[in-house]
Amino acid sequence: MKRLVAILLAALVLVAVAGIAGYLLISREVSRERVEASLAARLGGTLRLAGTPAVSLAQGPALVLGGVRWQGQGGRWTLAAERMVAGIDPAGLLWGEVRLSSFQLEGARLHLAGADPADGALADLGRDLSRVLGAQVTVSGDAISWGASDKPRLGAFAFRLAPSGEGGTLRGSVEAGDQTVEFGITLGHRGILTGTASGPVAVSVVSPLAGFRMSGAVRNPEAARIEGNFDFNTSDLRGLVARFGKTLVGEASFGALRITGDGALDFSRLELDTARLELDGNVGEGRLGFGLGATRPRLEGTLAFEQFDLSAYLGELRSLAGVEDEAPQGDSLRDRSLSGLLQSADIDLRLSANRFIAGPLSGGPSAIALLLRDGDLSLDLSETPVAGGTLEATARLKPAGGDTFDLAASAIAEKLDVRQLPALEVVTMPQSGALTFRLGRTGKGQTLASILGSAGGEAHLLLENATYPAGGEVLARLAASASEAGSSASSLVLERVTGRGGMEGQEMRLSDVEVWSGKHLLRLAGRLSLADVSLSLRGRLLPRPAEADPAPGAPTTAVPDPAVGQASGGIPVLVRGTLARPSLLPDMTGIGAP
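Treat the numbers as computed from the prediction; the structure is a model and nothing was measured.

Asks: Help me understand the nonpolar core in this model?
Replies: Where a protein is soluble and globular, its nonpolar side chains tend to be buried together. Among the nonpolar cores identified, the biggest contains 56 residues, and F103 and V137 are the most heavily contacted of them. It is strand β4 (residues 77-88) that contributes the most residues to this core, six residues altogether. If we ignore the near neighbours within four places in the chain, the residues touching F103 are L39, R42, L43, M84, V85, A86, A135, Q136, V137 and T138. Counting residues in hydrophobic clusters, the runner-up holds 32 residues, among them L361, L421, L494 and L524.

Asks: Help me understand unusual backbone geometry in this model?
Replies: Negative phi is the rule for most residues except glycine; trans is the rule for most peptide bonds. The omega angle of the peptide bond from G364 to P365 is 0°, so this bond is cis rather than trans. The residue P365 is located in the loop between β18 (361-363) and β19 (366-373) in this model. Of note in the backbone geometry, D280 takes a positive phi value of approximately 50° without being a glycine. Inspection of the secondary structure assignment puts D280 in the loop between β14 (269-279) and β15 (282-291). The phi angle at N465 is positive, at roughly 50°, despite the residue not being glycine. Among the secondary structure elements, N465 is positioned in strand β24 (residues 456-469).

Asks: What should I look at first to understand the confidence of the model for the protein in this one?
Replies: Parts of the prediction with low pLDDT should not have their coordinates interpreted in detail. Looking at the protein as a whole, the pLDDT averages 80, with 77% of positions reaching at least 70. Note on residues 472-476: pLDDT is under 50 here. Beyond four places in sequence and across chains, it has 18 contacts. Of the regions scoring below 50 in pLDDT, residues 553-567 engages in 24 contacts with residues more than four places distant in sequence or in other chains.

Asks: Quick question: what am I supposed to make of the pairing of strand β10 (residues 199-206) here?
Replies: If a strand is regular, its side chains alternate between the two faces of the sheet. Relative to β10, strand β9 (residues 179-187) runs antiparallel, the two sharing six bridges. By the bridge assignment, L187 is partnered in β10 with V201. Sheet topology places β10 next to strand β11 (residues 210-218); eight bridges connect them, and they run antiparallel. Note that in β11 the partner of S204 across the bridge is R213. If you look at the hairpin formed by β10 and β11, you'll find three residues sitting between the two strands.

Asks: What am I meant to see in the packing of aromatic side chains here?
Replies: Aromatic ring pairs are defined here through the distance separating the ring centres and the angle between the ring planes. Enumeration over the complete set of coordinates arrives at three aromatic pairs. On the basis of an interplanar angle of 80° and a centroid distance of 5.3 Å, the ring pair of W70 and W77 is categorised as edge-to-face. Accessibility classification places W70 together with W77 in one group, the buried group. Seen in terms of ring centroids, F157 and F159 are 5.8 Å apart; in terms of plane orientation they differ by 20°. Their pairing is stacked.

Asks: I'm lost on the pattern of salt bridges in this one. Help?
Replies: Opposite charge on two side chains makes pairing possible when the charged atoms of those side chains draw close. The full count for this structure, using the stated rule, is 24 salt bridges. Put simply, E271 and R225 hold a salt bridge, and the shortest N to O gap is 4.0 Å. A residue pair is termed long-range when its members are at least 10 positions apart, and E271 in strand β14 and R225 in the loop between β11 and β12 (226-234) qualify at 46 residues. For R276, the salt bridge identified is with E278, shortest N-O distance 3.1 Å. Note on R276: relative accessible area 31%, which makes it partly exposed.

Asks: Can you help me understand the pairing of strand β5 (residues 100-112) in this one?
Replies: Looking at chain direction, β4 and β5 are connected through eleven bridges and run antiparallel. Residue pairing in the sheet places T78 in a bridge with H111 of β5.

Asks: What's the story with the side chain of Q179 in this structure? I'm lost.
Replies: Within the secondary structure layout, Q179 lies in strand β9. Residue Q179 is classed as buried on the basis of its relative accessible area of 11%. Of note is the side chain of Q179, whose polar atom sits 3.0 Å from the backbone nitrogen of L209. Dropping the residues within four chain positions of it, Q179 is found in contact with V174, S207, P208, L209 and R243.

Asks: I'm lost on helix α2 (residues 32-43) in this one. Help?
Replies: Every α-helix carries 3.6 residues per turn, so stepping three or four residues along brings you back to the same face. Counted at 1.5 Å a residue, the expected span for α2 with its twelve residues is 16 Å, and the 16 Å between its end C-alpha atoms agrees. Regarding α2, the residues found buried are V35, E36, L39 and L43. Projected down its long axis, α2 carries its buried residues within an arc of 100°, all on one side. Those residues of α2 that are exposed and aimed more than 90 degrees away from the buried face are E33 and A41. Positive phi appears at G44, one or two residues downstream of α2, with a value of about 90°.

Thresholds, definitions, all that
Residues numbered from 1 in each chain as written. Predicted model: local features only at pLDDT ≥ 70, side-chain atom pairs only at ≥ 80, totals over all residues. Heavy atoms only, no water. Core = buried A, V, L, I, M, F, W, Y, C linked by side-chain atoms within 4.5 Å. Buried < 20%, exposed > 50% of the residue type's maximum accessible area, 1.4 Å probe, protein only. Helix = DSSP H or I, 4+ residues; strand = E, 2+ residues; numbered from the N terminus. Contact = heavy atoms within 4.5 Å. pLDDT = per-residue confidence, 0-100. Pairing = 2+ DSSP bridges. Phe/Tyr/Trp six-rings, centres within 6.5 Å; stacked < 30°, edge-to-face > 60°. Salt bridge = Lys/Arg side-chain N within 4 Å of Asp/Glu carboxyl O. Polar contact = N/O pair within 3.5 Å; in protein donor to acceptor, adjacent residues only side chain to side chain. Expected span 1.5 Å × (residues − 1). Arc of directions from axis to C-beta.

So, in structure tokens, the structure goes:
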């Protein structure tokens, strides 16, 4: 028993002596200059302290440092903290050494000066991070900034770096607006950051709104290239873009998005050789590439869809085509500066679909090529079967100096079955018939709205075998004039309607308008307002010459018989009203009272 008590007393004395010796040793080593030099040697970069280090045995033992400013080489990053607690390895004290084993920074503010892959700054940043990953470091703070300004861009953050064998992990979270973003990075070897080792890499960045996951490996250290599987998804693309300070047009599109695939990532580019894109329920597969290191981000690739539903985007498409929305929702691309839009990225994207759906319309197969390079935008819709006929279109916005752009657009539709076309409020479509038209527009301006508001162009129209109910609200009002006197017509058949017009701003000048029906031919010319589709036409109602029946698809060259009707050739008439409610009136111009 006495021996046991003696041993315990000896142990207590030894612990006390070790503690006193350790405290004296620490106290001797805690001058500010020596601590700054020790931390810089341990963690890399430069470190400055605003106050005198203090010793705390209650925390482990540990050094308590106030007013810490830690900076990477060349000022690539700066971490300022109100306090740092540096843990001391107790085992080292028994051997007369002060070894710092862990580092905890509180009240930190992190600033990233920016990194350009071209000047090797990313490699230098990798070396800094590799050095830090060799220690146990925990950081918590309230702001992250980057670039030329120290203004905070991200809110409260916390992360923990821990060595793991030859590799290491970084885990944490950061407040981005109303989103808490949690992230984690695992490296099989710290040399991956400096381009001196290969090994597995895993990255996870997740928030309630979006997530990105990558699982792969660096196989060639010198290439700094990660090969593996990539997965990005968001439940609300519109909301995600808004949190980056941008606004998408409309309200009913750009919801759920997911991009997955196998490929490779380096400092400047992500390439997915087997990409799968899911956007608002539309699924396409092919290849995608994202350029990240150039002045403008770049998107290129080819995607094939079995079916693509455009219904959610019809409002935006109508707006881009110049069709005004009576109740616009959100922002409009028509009113945005084209220079800001077209200079923000480069795109080379080709999409194809076996079948597309656009509201009541459907068709296919179809293909769209979108090319945007140096602010020069080209859009090409290949010949596409739709509504029993075909449709193709092209458009180009080309820089014209300053913030101004030139527009050249054209569309060709052949033999569309009007029964399959959607109903329009501005014009009542016939119950049957085949529609062919050619449309071309040119203009110049700084926004799409200004271009369309002053654009010129030409339009050619051919409507064949159109049937309207007698007594209807549109051209069927001509039934009383076109039918035999005393007869009752249950419907009006317009065998052929042709016309061409020149557009200038919000007005179309119509010429060579001819309407063939029964035994009559109506020839008109005048004006159509594109703003309210009001009509102001003048012409003649003529008897139809039997020898001048129009050939399908050919222009009319009939000459009226001057012996029939008035000496001037037919009855002078006016067409007033709108396309939806036209009125046929006798033209009394020049006729005086008897």
